[in-house]
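Here are the chains, one letter per residue:
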Amino acid sequence: PRAAGHLESRGALRALRGDAGVSAIAWHAPVPAAPAKPEDWRILRALALYRLLLVILLLILYESGFADEFFAHMEARLLYGTCIGYAIGALLLLIPIVHQRPRIAVQAHVHFSIDVLATAGLVYVSGGVSTGLGMLLITPAVGCSLVLSPRMAVVQAAGATLAMLAEEVIRQ
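It should be emphasised that the depicted structure is a prediction, and the values quoted were computed from it without experimental measurement.

**Side note on the packing of helix α1 (residues 38-64) against helix α3 (residues 76-92)**
- Relative to each other, α1 and α3 sit at 155°, their axes nearing to 9 Å. With respect to α3, the element α1 is oriented roughly antiparallel. Where α1 crosses over α3, the two elements pack in a sense that is left-handed. Judged by residue contacts, Arg51, Leu52, Leu54, Val55, Leu58, Leu59, Tyr62 and Glu63 of α1 engage Ala76, Leu79, Tyr80, Cys83, Ile84, Tyr86, Ala87, Ala90 and Leu91 from α3.
- In the contact of α1 with α3, the residues fall into 15 nonpolar, no polar and two charged.

Here you go:
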């Protein structure tokens, strides 16, 4: 149901069967994107709050010295740098949410991409997927899937899986 309202960039080709059984091809114009609902923007705002709280928690762990207890093979300076980069990205992502530009699907893709990159970085500096930090992608994946078409949600989940796999390949 949600996928039908999203913009298809190239329209659709459809085979039509005439009375004599002759096939013809008709071009259908693109379907305009449905306007974003207020709850879609609330979901992105909630994800932004999640992102900021996560970074604050990680920085508190780092500054208090407890990060060593949570992550056995942590590279402390890289963890700090990754958290600061994630915090800057999280703050910058608030600007388009406030202005509600560009459209919601574009923002969901950008937000999820930042989450995947930051989480892959956190997993890398903390010792790999065995730390369980990759689970932090569940919340953004679910949140973004609520504002995207099912097909794009699956594409994002596949991209996140490939990013975690790439992180482990680089780690080896």
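**Description of α1**
- For α1, built from 27 residues, the straight-helix expectation of 39 Å at 1.5 Å per residue is met to within 8% by its first-to-last C-alpha distance of 39 Å.
- Buried residues of α1: Asp40, Trp41, Ile43, Leu44, Leu47, Ala48, Arg51, Leu54, Val55, Leu58, Leu59 and Leu61, and no others.
- The inward-facing, buried residues of α1 contact α2 (67-70), α3, α4 (94-99), α5 (104-126) and α6 (138-147).
- Positive phi shows up at glycine 65, right after α1, with a value of about 90°.

**Points about the nonpolar core**
- Leu79 and Leu122 are the most contacted members of the largest nonpolar core, which has 35 residues in total.
- Sequence-distant contacts of leucine 122, that is, excluding residues within four places in its chain, are made with Leu58, Leu79, Thr82, Cys83, Tyr86 and Leu133.

**Overview of the environment of glutamine 156**
- For glutamine 156, the location among the structural elements is in helix α7 (residues 150-171).
- With near-sequence residues (within four places) excluded, glutamine 156 lies in contact with Ala108, His109, Phe112, Cys144 and Leu148.

**Quick word on a nonpolar patch on the surface**
- A cluster of nonpolar side chains, contributed by Leu49, Leu53, Ile56 and Ile60, occupies part of the molecular surface with about 390 Å² of accessible area.
- Mapped onto the fold, leucine 53 is located in helix α1.

**With respect to the packing of aromatic side chains**
- Using the criterion set out here, one finds one aromatic pair in the structure.
- Note on tyrosine 62 and tyrosine 80: the rings are 5.1 Å apart at their centroids and 35° apart in plane angle, and the pair reads as tilted. Placement of tyrosine 62 in helix α1 and of tyrosine 80 in helix α3 is noted, with a sequence separation of 18 residues between them.
- For arginine 171, the ring lying beneath its charged end belongs to tyrosine 124, and the centroid distance is 4.9 Å.

**As for the confidence of the model for the protein**
- Residue-level pLDDT values for the protein average 85, and 81% of them are 70 or greater.
- Confidence scores differ between elements of the protein, with strand β1 (residues 12-17) showing the lowest mean pLDDT of 48 and α6 the highest of 97.
- Note that pLDDT drops below 50 for residues 3-16; the model gives that stretch 37 contacts with residues more than four away or on any other chain.

**Brief notes about the pattern of salt bridges**
- Using the criterion set out here, one finds two salt bridges in the structure.
- Residues arginine 51 and aspartate 115 are paired through a salt bridge, measuring 2.7 Å at the closest nitrogen-oxygen approach. Remark: aspartate 115 occurs in helix α5 and arginine 51 occurs in helix α1; sequence separation between them is 64 residues. Neither arginine 51 nor aspartate 115 differs from the other in exposure class; each is buried.
- For glutamate 167, the salt bridge is made with arginine 171, and the minimal N-O distance between the two is 3.6 Å. Placement of the pair is glutamate 167 and arginine 171 together in helix α7, with a separation of four residues, close to one helical turn.

**Things to note about unusual backbone geometry**
- Here the amide bond leading from arginine 101 into proline 102 is cis, since omega sits at -5°, within 30 degrees of zero.
- Position of proline 102 relative to the elements: it lies in the loop between α4 and α5.
- If you check the backbone angles, glutamine 100 has positive phi at about 55° while not being a glycine.
- Residue placement: glutamine 100 occurs in the loop between α4 and α5.

Rules of the game
Residues numbered from 1 in each chain as written. Predicted model: local features only at pLDDT ≥ 70, side-chain atom pairs only at ≥ 80, totals over all residues. Heavy atoms only, no water. Axes fitted to C-alpha atoms, helices over the stretch in contact; angles between N-to-C directions. Helix = DSSP H or I, 4+ residues; strand = E, 2+ residues; numbered from the N terminus. Parallel < 35°, antiparallel > 145°, perpendicular 65-115°, else oblique. Left-handed = near helix turned anticlockwise from the far one by under 90°. Contact = heavy atoms within 4.5 Å. Nonpolar A, V, L, I, M, F, W, Y, C, P; charged D, E, K, R; others polar. Expected span 1.5 Å × (residues − 1). Buried < 20%, exposed > 50% of the residue type's maximum accessible area, 1.4 Å probe, protein only. Core = buried A, V, L, I, M, F, W, Y, C linked by side-chain atoms within 4.5 Å. Patch = residues over 30% accessible without salt bridge, like charges linked within 9 Å, V, L, I, M, F, W, Y side chains within 5 Å. Areas by Shrake-Rupley, 256 points an atom, 1.4 Å probe, with all protein chains shown as cover. Salt bridge = Lys/Arg side-chain N within 4 Å of Asp/Glu carboxyl O. Phe/Tyr/Trp six-rings, centres within 6.5 Å; stacked < 30°, edge-to-face > 60°. Lys NZ or Arg CZ within 6 Å of the ring centre and 35° of its normal. pLDDT = per-residue confidence, 0-100.

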